[in-house]
Each structure stands twice: as C-alpha cells, then as structure tokens.
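One-letter residues, chain by chain:
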Amino acid sequence: MNQHIDSSMHAELIASVEAQEGSRLERMLFGNRKLIVALCAVLTLLFGWTAARLEFNTSFDSMIPTHHPFIANYLKHKDDLKGLGNTLRIVVESDGDTIFDPGYMETLKGINDRVFLLPGVDRSYMKSLWTPSTAWIAVTEEGLEGGPVMPERYDGSAQSLQKLRVNIERSGEIGQLVAPDFKSTIISVPLLDTDARTGKAIDYGELSQQLEKIRADYAGKHVRVRIVGFAKIVGDLIDSVSAILGFFCVSVLIVTATVYTYTRCMRSTSLVVLCSLVAVIWQLGLLPLLGFHLDPYSILVPFLVFAIGMSHGAQKMNGVMQDIGRGLHRLTAARMTFRRLFIAGLTALVCDAVGFAVLLVIDIPAIRQLALVASIGVAVLIFTNLILLPILLSYTGVSPQAAARSLRHEAEASEGKRKQALWRWLDLLTVRRYAVIALLLGGVMGVAAYVVSLELKVGDLDPGAPELRRDSRYNRDSAYLTGHYASSSDVLVVMAKTPVSQCGSYAALAAADALEMRLRNLPGVEATLSLAGFSRKMSAALNEGSLAWYEIVPNQDTLNAVIVKAPRDLFNQACNLLPIFVYLKDHKAETLSGTVRTIEQFAVTHNGPQISFLLAAGNAGIEAATNIVVQEANRAMLLWVYGAVILLSFVTFRSWRAVVVAVLPLMLTSVMAEALMVQLGMGVKVATLPVTALGVGIGIDYALYILSITLAALRRGATLSDAYYEALQFTGKVVMLTGLTLAFGVATWAWSPIKFQADMGILLAFMFVWNMLGALILLPALASFLLPQRRST
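1. A look at the side chain of Gln 369
Now for step 1: Following the sequence through the fold, Gln 369 ends up in helix 13 (residues 365-396).
Now for step 2: Using a relative accessible area of 13% as the deciding quantity, one classes Gln 369 as buried.

Right under this line is the structure:
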C-alpha cells in the first residue's frame, strides 16, 4: 500500500525516480499511454452502444431457491398445480351497493376479455365469474346438479342477476372469487414462464403497462381495479427505473461535490468521476455480451461500482497530488503513484470482489447473478481506476494550488507548528490509557448491539410486498384483498401425495382433514381448502344439510360420488396428488415458520404408504423456502467473507496481530448493523442479506490504507504515535473522504420508491461510516496493545 514519502527523502526521490525503471507492467503501460487512452475511448464507445441493448427484466424462477426441497417438490408437480405459482389476482370493486348490477357485470366481462388476451396468460386456467371453469354444485330433488356460475342465458335482467346470485352462493366461491360483502370479485390469472408468441420470457414491464392501461380505461366506469401478484411487483419495480436513474445522477453530483471539496481541483476531480463512469459504462456494456440482464436486485450494482470507483480513484488522485506538491513532474508523480498503489489497490479491489463473490453461496439465481454482475464491475475497476486514471493524470496533473494545499499540514508539522486538532486527538488513541477507554467503549457498544441483534428475525416483518413502500398502490391493493377475502394473497399449498387413483380414498381424505383442522387453529391461518373439506360439505348437502353428516364418510362409494363433482383444482388428473390450500393472514416470518413447523410435525407422524405430505407450493410456500435458504446462508456467508478477508489481510500484512487489528472493528460494525436492523424493523431477507458481506468486503479498505503506512513506519523504527500520525497525514483525509464518498453514494437510496433499495442504502451507509470510524479510532487503540513498537523516549 502507500509508502509515506517524507520531506527528507524529497531530494533523493527527485534525483532517482527517473532512473528507476519500475516493473515491466509499469513500463509497458506508461510507455504506451496514447495507445491505451485511444483503446479505452474506443471500448467506451463500443460498450456504450451495447449497453443500450441491455434489458431489464426477471423471471419468476430466478427469484426463488430452485434447489431447496420445498421448491423441488413444487417444480416436480408444477404441471398438476396450475395457477399456484406466478399468478395475478385482479380485484374489480364496484362503486355501487353490490356486484349484482348490469353495468358492473358488463365492465367485469370487458376486463376479463382483455386480460384473457394478454401475452403470457395461461388461458386454460384463468378463472373469474365469466369463465366456464367457475362452476356451482347443489343437491336437488333429482340429485346432484351443477353448471357454470354465469347463467347460460345471462342478459343483465333482474331475473338473470338473481340466478347469478344463487349460483354464486352454491358455488363455494364466496371468500374466494367473490367478496363476502358482494362488493367485488376476483379475476385469477395464472401466467406462463414464456410468451407463446415470441418464445421468450414474459416481459413484465410491458405486461404491467398493459395492466395499467386496462386499469385506467375502466377507472371512470364505476369500478376500481386492484392488481396483485409477482408480475405486478416486478412491473412496478421496472416502472421505478427512471426514479432509480435519478438517484444515480444525484449520487454522482453529491460524490463529485465531496471529492471537489477535498481537492479544490476541477481537473483531477473530473478525471476521477470520468473513470468511475467509464467503469459503469463498461460494466453495463459487457452484460448483454455475456448473456446477462439487469433485474430488480442487480440494478443496484452500478451504484456501488461507481461509489467504489470514486473511493479508490480518490486514493490515486491523492498520491499524484502530494507528489506534484513535492515538486515531481506530473508523469513522474503518476508513475510513482502507480508503483506504490497498484498492488495495494488490487488487493483492496479483490477484497471488494470477495464481498460480492460470497453471495454465490445463496441458492437464489437472482442473487447469484448480482454477485456475477458485481464481479464484472470490480474487474473493470481494476483497469479503469488503477491503470487508466494514473495515465490520464500523467497528462493533466493537478492544479498547483491543490498540490500545495495537500501538503500544508505536513509542512506545518515539520516546522514544529501545532498539529491539526483532529489528527492530534486521534493520535492520543495510541497511548494505552486512552486506548483502554476507546476499547472499553467499543466493547460495551458491541455487547449491547449483540443483545439487541438476538431479536433479529429472518424474512419479511411487514404485510404486502416488501419490495415496495407500505403506502404504495400495490400494497394498498394487497391490503384490500387481505381485508375482504378469506382467500388472502398469501397462499401456502401442501402437496399430499397418494398412490395413483387414491387421492379420494378415505385414508387420504381423513389425514388431509386432520391436517386442515390443526392448521385452522393456528393464529396466522385464515382458512383452508381441499378435497377433504369439499367432501365434508357435500356429505352434509346430500343428507338435507344435516350437520351430523358434516364428516368424511367412511364409505368409498359415497366418497367417489362426491369426487366426481369436485372442482378439478382440488386434485390432479391421475388422482395421486391432493393439494391443501392454506390461506395465511400475512407472510411475516413468524407466520410462515409456525405454519411450516406444524405441517412438518404432522408429516412426521402421518406420512405412510397411503399418503405423504410434501411442502410447499404457493407464494407463501415459496417465501417460506426462501427464508430457510436465507437463514442457512446468513452465517455461512459471514464465515466465508470474514475468512477470505482474514486470509487476504494476512497475505498483505504477514502478521496475525495486524489481521486482528484490522478485522475486529469490522466485526463490531457487523454486529451493530444487525442491531440497527432490529431497531428499524428489518428482517434478514434476500434484499438485506448481501449488505453485511458488502460492508465487510469494502470496509477492509480503510484498514489496508492506514495499517500499511503505519506498519511501514514501525518497521523503520518509528514509535506507534509517529507511525500512526504519519498515516493520518498521508491518507487520513482520504480515508475519511472514502468513507463519506461511499456513504453519500448509497445514502440517497433511502428516498427510493423501492423499499429494499432504501433498506440497503441505509444499512450500507451505516456500515461504510462505522467501518471508517473503526479504522480511525479502534485500529490505533488495538495497535497499542498488539503491534510491536519502539517506545518513545
């Protein structure tokens, strides 16, 4: 890392630097400066053109842990569970007293027909009052009768509307497709993985726009249209891209202003910004060439790449600025900065990459893509900020005023003048009696944070879509659905597996009924639905509605007669799969974990040759699996990232004591970040899981910059106080600048319309700032006890 060049070495350095040939890499790069700049300009234009072809989309499967047993069970039986995965639910609410109005029914039909023709809709499983698959069944004097809920000769008359009402009441769809207050109905729209017209994945952005057009077209026709489902969440996220780009521009302005405030040099600041933006352009341009696209999670990566580029660029600029201030020519200063900082910068960027790479342990394709996209960005930074920036600075240099200002405090100190107040205060931490105070304070904060962090939960802690704000239109629609329907939008499906043609056997139905009974007693369960419950109802109906017959009748012939009339979504074609629908009040972590635990305990004692209960389908089942994967990956990810950072730090410092000094402040920040999540009501989930790894991988940079200079001075025989003060003079301001630059770069996310981006921004800004403070405060305090040093006389 940086080697501090004091004034006594100045004259010797000027005389010898030109004679020093440097490494072969340095000679090759600076010997071909014009060629490299021209090549970079061409690549920037090329990647800018390919970046324009970059797509922003995602798929349902990419957001779920496809290798988890729950998801493996769902995917194995996916064809038998149509409509339980990626499904839209469109609620059409009447402004009138009830839905039994000719105008409402005509409007519902119009919306139904337009949705039916949307690309990607699985039309054979779409369901509403206007689809033939929505049927009623009743016991009459002539036996069991049934038919479509919508009367065959419906004409909008009072008689046909009354007939419709009777059919709805006999259909069992009240609370499912029809609200109990008869104020609204649902259009259930299962989606395919691909668009049959193009063979490509569904374009959720286009689908969302078409849905919004339908909503707008019917807004003034005495109805309100509400839409929930995975596809709509993604569509709303895509619609927020323009706002995300706005935050990116704001971040660029804030970070640029921060760097300029430090340098007061427009030319060098502009070059740092330019090289960081070039890195983003190259990254985005490489993605379509490598077959990647951006999704709601990976779209945040260019923000981080830019902020990381600015922080490392500031270090290179600072080195050139100080060398020019000592009288070196701009080319010599650039070569010396490259020579001192290339290996150190490379190590720091590798640590940054480790913070991203450990995300590969998370078995969710979208997060793994985030890790790969980020790794591409870090690889690009190695070229743009470690090579291109010093070469450009060798042409432009920095302003003389900025170069002189960068050495002002060093000159004052060398002349015996008073040390800068902040540096003088930080330097006190190398004295053991002050170090003890700092370490005790840090220990108390760590213990308190750890106690609070024990309350950290896995999963979502709020109802609705956690990706969006609580007051977003989507979450208001979701709240309406949950408040007006027994079948909430959070559905967990248990797959009861039986031998072929045995899904309606008494043993299977009795076991399924027992599980339903247990689940309905859980506080988080609103209702259940299965063939067992249908059999109970039909048994009572066939016996004049007597509640004494509301049972699973132990007579197979009677059960077979009931099954013939059962809706087809209650069992599959081969009659060897019996889905049990569990409608939850919400998808909070405790609701999901309690429900899953109950089902697993039941399965242990009831699985056998006749029936076995498998988890899980439905959006809540998928989220339960995701929570389990996140919980397992959380600690494993921390172990990997800390293990890698410790290894890289040891390779850099060759001292276990220095590794302890560098890593302990990072651990304190990690614990405090978990405590902050508890205080802010955040759970450990897909959106927040990467934050800790990124905070550790990037946070180690501060220790690399400060410790390398401190250790170099200690090896020359300096006291710890002198060595640390030397590090503060040379890189202290830049470390502070780096921390603030990174924090400012992500803090603006807090105002993003995307909730998980706001959460990540708050947590990352917190970790960047506290990692910086840990490096400036706890590092010298720990060093006073652990690092070997010469005592001051």
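2. Remarks on the state of the cysteines
Now for step 1: Summed over the entire model, instances satisfying the criterion amount to 1 disulfide.
Now for step 2: With a sulfur-sulfur separation of 2.0 Å, Cys 503 is cross-linked through a disulfide to Cys 575. One disulfide, between Cys 503 and Cys 575, carries an S-S torsion of -85 degrees and so falls in the left-handed class. Pair noted here: Cys 503 is in the loop between strand 6 (490-497) and helix 19 (506-520) and Cys 575 is in the loop between helix 21 (556-564) and strand 8 (577-584), with a separation of 72 residues, a long-range link.

3. Here's the deal with the environment of Trp 656
Now for step 1: Among the structural elements, Trp 656 can be located in helix 24 (residues 656-679).
Now for step 2: In this structure, the C-alpha to C-alpha distance between Trp 656 and Leu 786, residues 130 residues apart in sequence, is 9.6 Å.

4. Quick look at the pairing of strand 9 (residues 612-617)
Now for step 1: In terms of residue burial, strand 9 counts as a mostly covered element, since 5 of its 6 residues are buried.
Now for step 2: Across 5 bridges, the pairing between strand 6 and strand 9 is antiparallel. Residue pairing in the sheet places Met 495 in a bridge with Leu 614 of strand 9.

5. Remarks on the packing of aromatic side chains
Think of a pair of aromatic rings as described by two things: how far the centres are apart, and how the planes are tilted against each other in angle.
Now for step 1: Applying the stated rule across the entire model yields 8 aromatic pairs.
Now for step 2: Ring centres of Trp 130 and Tyr 154 lie 5.6 Å apart, and the angle between their planes is 85 degrees; this geometry places the pair in the edge-to-face category. With Trp 130 in the loop between helix 5 (102-116) and strand 2 (135-140) and Tyr 154 in the loop between strand 3 (143-148) and helix 6 (158-171), this residue pair connects regions lying 24 residues apart in the sequence.
Now for step 3: An aromatic cluster of at least three residues, connected via ring pairs, comprises Phe 47, Trp 282 and Phe 383.
Now for step 4: Between the NZ or CZ atom of Arg 33 and the centre of the ring of Tyr 395, over which it lies, the distance is 4.2 Å.
Now for step 5: Note that Lys 109 overlies the ring of Trp 130, its terminal NZ or CZ placed 5.7 Å from the centroid.

6. Observations concerning the packing of helix 9 (residues 241-263) against helix 10 (residues 266-289)
Now for step 1: Close contact between helix 9 and helix 10 brings their axes to 9 Å; oriented N to C, the two are set at 145 degrees. Between helix 9 and helix 10 lies a crossing of right-handed hand. Packed against helix 9, whose contacting residues are Phe 248, Val 252, Thr 256, Val 259, Tyr 260 and Thr 263, the element helix 10 presents Met 266, Ser 268, Thr 269, Val 273, Leu 277 and Val 280 at the interface.
Now for step 2: Class assignment of the residues belonging to the contact of helix 9 with helix 10 gives a composition of 8 nonpolar, 4 polar and no charged.

7. A word on a nonpolar patch on the surface
Now for step 1: A cluster of nonpolar side chains, Leu 422, Trp 425, Leu 428, Val 431, Tyr 434 and Ile 437, forms an exposed patch at the surface whose accessible area comes to about 530 Å².
Now for step 2: Of all the elements in the fold, those that place two or more residues in the nonpolar patch are helix 16 (421-427) and helix 17 (432-453).
Now for step 3: Taking relative accessible area as the criterion, Tyr 434 reaches 32% and is therefore assigned partly exposed.

8. Quick look at the side chain of Ser 188
Now for step 1: Inspection of the secondary structure assignment puts Ser 188 in strand 4 (residues 184-190).
Now for step 2: Accessibility expressed as a relative area gives 17% for Ser 188, which makes it buried.

Criteria and cut-off values
- Residues numbered from 1 in each chain as written.
- Predicted model: local features only at pLDDT ≥ 70, side-chain atom pairs only at ≥ 80, totals over all residues.
- Heavy atoms only, no water.
- Helix = DSSP H or I, 4+ residues; strand = E, 2+ residues; numbered from the N terminus.
- Buried < 20%, exposed > 50% of the residue type's maximum accessible area, 1.4 Å probe, protein only.
- Disulfide = S-S within 2.5 Å.
- Pairing = 2+ DSSP bridges.
- Phe/Tyr/Trp six-rings, centres within 6.5 Å; stacked < 30°, edge-to-face > 60°.
- Lys NZ or Arg CZ within 6 Å of the ring centre and 35° of its normal.
- Axes fitted to C-alpha atoms, helices over the stretch in contact; angles between N-to-C directions.
- Left-handed = near helix turned anticlockwise from the far one by under 90°.
- Contact = heavy atoms within 4.5 Å.
- Nonpolar A, V, L, I, M, F, W, Y, C, P; charged D, E, K, R; others polar.
- Patch = residues over 30% accessible without salt bridge, like charges linked within 9 Å, V, L, I, M, F, W, Y side chains within 5 Å.
- Areas by Shrake-Rupley, 256 points an atom, 1.4 Å probe, with all protein chains shown as cover.
- Salt bridge = Lys/Arg side-chain N within 4 Å of Asp/Glu carboxyl O.

Structural measurements only, silent on function.
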